[in-house]
Amino acid sequence: MNGNQIVTTLDVILHWIMRLALLNSLWLLYSLRGLIVGGVFPALVASMGVSRKWLMGDEDIKIWKTFKGIYRQEFTKANIIGWLLTVIGSLLYLNYRLLESSTSEVMFIIPFAFYLICFFYVIVFLWTFPMLAHYDATWQQHLKNAFVVGLTKIHFTLASGVVVFAICYYSLGFPGLIPFFTIGFISVGCMWLSLQVFQKLDLHSTFPMVVPE
């Protein structure tokens, strides 16, 4: 690798670092703008929407304007889906604690069914927000299609799970990364994997949904 290639590579790396830091800052700002409760999920979808445009080659977008537009557009659906999944996740956690603290013998089928439900929940959670960023549909359709796509493209689901786990694991080890890079890395990583699937689905018209500009 000659000097020009090294300079070009470093320029690309620094450019992406700046992008991810800005994206993470916008997620934090708009989460606070929505008082966390109303802002965290629309801000997550907006982060993925901006990542989607970058990964599809639209690198000259006005990041703040694009982020704000997606945030407003998906505000209601993102909150409905986000808090529905949060409630379900909380109930699953309570059931886990009950199973863990149970002193009586539990039939094998009960924990098996519980962990199977948890697996399905993780599938929906991993795919719903990229779906929101890529497609225009009702929140019910997003949940249904997230489950179908996540189950039929299980290798991409596992890859997305590894990406999210790895980023969260290292972020907890180095908490200083959280305000600057964590959500940005998750958005770009999960969106890149999701687009490998979505672009094939769009090509074959598997889902009758509108792909936003």
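Scoring rules and cut-offs
- Residues numbered from 1 in each chain as written.
- Predicted model: local features only at pLDDT ≥ 70, side-chain atom pairs only at ≥ 80, totals over all residues.
- Heavy atoms only, no water.
- Helix = DSSP H or I, 4+ residues; strand = E, 2+ residues; numbered from the N terminus.
- Rg over C-alpha atoms; globule rule 2.2 N^0.38 Å.
- Contact = heavy atoms within 4.5 Å.
- Phe/Tyr/Trp six-rings, centres within 6.5 Å; stacked < 30°, edge-to-face > 60°.
- Buried < 20%, exposed > 50% of the residue type's maximum accessible area, 1.4 Å probe, protein only.
- Lys NZ or Arg CZ within 6 Å of the ring centre and 35° of its normal.
- Salt bridge = Lys/Arg side-chain N within 4 Å of Asp/Glu carboxyl O.
- pLDDT = per-residue confidence, 0-100.

**A few points about the overall build of the chain**
Thought 1: Looking only at helices and strands, one finds eight helices and zero strands in the chain.
Thought 2: Put simply, the chain runs from its N terminus to its C terminus through helices and strands in the order α-α-α-α-α-α-α-α.
Thought 3: Relative to its length of 213 residues, the chain is compact, with a C-alpha radius of gyration of 19 Å against a globular reference of 17 Å.
Thought 4: Expressed as lengths along the three principal axes of its C-alpha atoms, the size of the chain is roughly 70 × 40 × 40 Å.
Thought 5: Nonlocal contacts in the chain, meaning residues at least 24 apart in sequence, comprise 76% of its contacts between residues at least 6 apart.

**Comments concerning the packing of aromatic side chains**
Thought 1: As enumerated under the stated definition, the model contains 16 aromatic pairs in all.
Thought 2: A ring pair is formed by Trp127 and Phe198, whose centres lie 5.9 Å apart and whose planes are at 65°; its orientation type is edge-to-face. Here the residue Trp127 occupies a position in helix 5 (residues 109-134), and Phe198 occupies one in helix 8 (residues 178-204), the gap between them amounting to 71 residues. Just as Trp127 is buried, Phe198 falls in that class too.
Thought 3: Among the aromatic residues, those joined into a ring-pair cluster are Phe41, Trp83, Tyr121, Phe125 and Phe129.
Thought 4: Lying over the aromatic face of Trp54, Arg19 brings its terminal NZ or CZ to 5.0 Å of the ring centre.

**Regarding the pattern of salt bridges**
Thought 1: All chains considered together, the criterion is met by four salt bridges.
Thought 2: Residues Glu59 and Arg19 are paired through a salt bridge, measuring 3.5 Å at the closest nitrogen-oxygen approach. On the criterion of sequence distance, the pair formed by Glu59 in the loop between helix 2 (40-55) and helix 3 (63-73) and Arg19 in helix 1 (residues 3-33) is long-range, its members being 40 residues apart.
Thought 3: As a salt-bridge pair, Glu100 and Arg97 come within 3.4 Å of each other at their nearest N and O atoms. With Glu100 and Arg97 both in helix 4 (residues 75-101) and three residues apart, this pair spans about one turn of that helix.
Thought 4: One salt-bridge network, in which partners are shared between bridges, spans Glu74, Lys77 and Asp136.

**Observations regarding the side chain of Ser47**
Thought 1: Looking at where Ser47 falls in the secondary structure, it is placed in helix 2.
Thought 2: Ser47 sits in the buried class, given a relative accessible area of 0%.
Thought 3: The residues touching Ser47, leaving out its near neighbours within four places in the chain, are Leu23, Trp27, Phe67, Ile183 and Ser187.

**Comments concerning the confidence of the model for the chain**
Thought 1: With 92% of its residues at a pLDDT of 70 or more, the chain shows a mean pLDDT of 89.
Thought 2: Averaged pLDDT values for the elements of the chain fall to 88 in helix 1 and rise to 96 in helix 2.

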